[in-house]
Amino acid sequence: MTLDTLQEFDTRAGLAFADGDEELYREVLAMFHEQLNDEFAQLPEQLRHSSNELLARQVHTLKGSAGSVGATRIEAVAREMTQAFKAGNVPDDSLLDALQTSMKAAHKELAALLN
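The structure displayed is predicted, hence computed values, not measured ones.

Student: What am I meant to see in the overall build of the protein here?
Tutor: Within the protein, the secondary structure is distributed over six helices and zero strands. Against the compact-globule benchmark of 13 Å for 115 residues, the protein has a radius of gyration of 14 Å, which places it among compact chains. Projecting the C-alpha coordinates of the protein onto the three principal axes gives extents of approximately 40 × 25 × 20 Å. Across the 115 residues that make up the protein, the buried fraction comes to 40%. Surface accessibility of the protein: about 6,500 Å² in total, with carbon and sulfur atoms responsible for 48%. Looking at charge distribution, the protein has the averaged site of its 10 positive side-chain charges lying 5 Å from that of its 19 negative ones.

This is the structure:
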């Protein structure tokens, strides 16, 4: 798999964040893949069971990380969730499903790219 074949990522946006440096972008993608494996792996499930300030901050962090690598679907869902938290609402199941689906799809693509 090459950068050009990634469907879950706007690679032009991601490369712009990396100042056009493809090697740096690949390193950042690898770090994002690690975050999806570790830091954010349980986030959708945790949000199904509770909602608190720590989880809201994690969603906000995910939004920023996704934006910096061009993971547009994850970023858009996380943005909606962040807005829900700011309005004092809990993200609904459709948002949680969308987050989980987009995270799995991005993880799968990155695994293929990086291996």
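Student: Explain the environment of E27 to me, please; I cannot follow it from the model alone.
Tutor: Structurally, E27 is set in helix α2 (residues 22-37). The class for E27 is partly exposed, based on a relative accessible area of 43%. In this structure the C-alpha to C-alpha distance between E27 and L114, which are 87 residues apart in sequence, comes to 9.5 Å.

Student: What's the story with the pattern of salt bridges in this structure? I'm lost.
Tutor: All told, the structure shown has six salt bridges when counted by the stated rule. Note that R48 and E45 form a salt bridge whose closest N and O atoms lie 3.9 Å from each other. Note that R48 and E45 are positioned in helix α3 (residues 43-49) at a spacing of three residues, about one turn of the helix. The exposure class assigned to R48 is partly exposed, which follows from its relative accessible area of 28%.

Student: Even after reading the chapter, I still don't get helix α4 (residues 53-69), so can you show me in this structure?
Tutor: Residues three or four positions apart in an α-helix share a direction because the helix packs 3.6 residues into each turn. Counted at 1.5 Å a residue, the expected span for α4 with its 17 residues is 24 Å, and the 25 Å between its end C-alpha atoms agrees. Three or more residues of α4 are buried, namely L55, A56, Q58, V59, L62, S65, A66, G67 and V69. Its buried side turned inward, α4 meets α1 (11-17), α2, α3, α5 (72-86) and α6 (93-114). The N-terminus of α4 is capped by N52, whose side-chain oxygen sits 3.0 Å from the backbone nitrogen of L54.

Student: Would you mind going over unusual backbone geometry with me for this structure?
Tutor: As a rule of thumb, non-glycine residues mostly have phi less than zero, and peptide bonds are mostly trans rather than cis. Positive phi outside glycine occurs at D19, with the angle close to 55°. In this structure, D19 sits in the loop between α1 and α2. Using a relative accessible area of 73% as the deciding quantity, one classes D19 as exposed.

Student: Please explain the packing of α2 against α6 as it appears in this structure.
Tutor: Packed helices, taken two at a time, are described by their axes: the angle between them and the distance between them. It is at 10 Å that the axes of α2 and α6 come closest, and there the two elements cross at 130°. Relative to α6, α2 is oriented oblique. Along this stretch, α2 crosses α6, giving a crossing that reads as left-handed. Note on element contacts: α6 touches α2 through M103, A106, H107, L110, A111, L113 and L114, opposite R26, L29, A30, F32, H33, L36 and N37. Here the residues of the contact of α2 with α6 sort into ten nonpolar, three polar and one charged.

Parameters at a glance
Residues numbered from 1 in each chain as written. Predicted model: local features only at pLDDT ≥ 70, side-chain atom pairs only at ≥ 80, totals over all residues. Heavy atoms only, no water. Helix = DSSP H or I, 4+ residues; strand = E, 2+ residues; numbered from the N terminus. Rg over C-alpha atoms; globule rule 2.2 N^0.38 Å. Buried < 20%, exposed > 50% of the residue type's maximum accessible area, 1.4 Å probe, protein only. Areas by Shrake-Rupley, 256 points an atom, 1.4 Å probe, with all protein chains shown as cover. Lys, Arg positive; Asp, Glu negative; His and termini not counted. Charge placed at Lys NZ, Arg CZ, Asp CG, Glu CD. Salt bridge = Lys/Arg side-chain N within 4 Å of Asp/Glu carboxyl O. Expected span 1.5 Å × (residues − 1). Contact = heavy atoms within 4.5 Å. Polar contact = N/O pair within 3.5 Å; in protein donor to acceptor, adjacent residues only side chain to side chain. Axes fitted to C-alpha atoms, helices over the stretch in contact; angles between N-to-C directions. Parallel < 35°, antiparallel > 145°, perpendicular 65-115°, else oblique. Left-handed = near helix turned anticlockwise from the far one by under 90°. Nonpolar A, V, L, I, M, F, W, Y, C, P; charged D, E, K, R; others polar.

Functional significance is not addressed by these values, which are geometric in nature.
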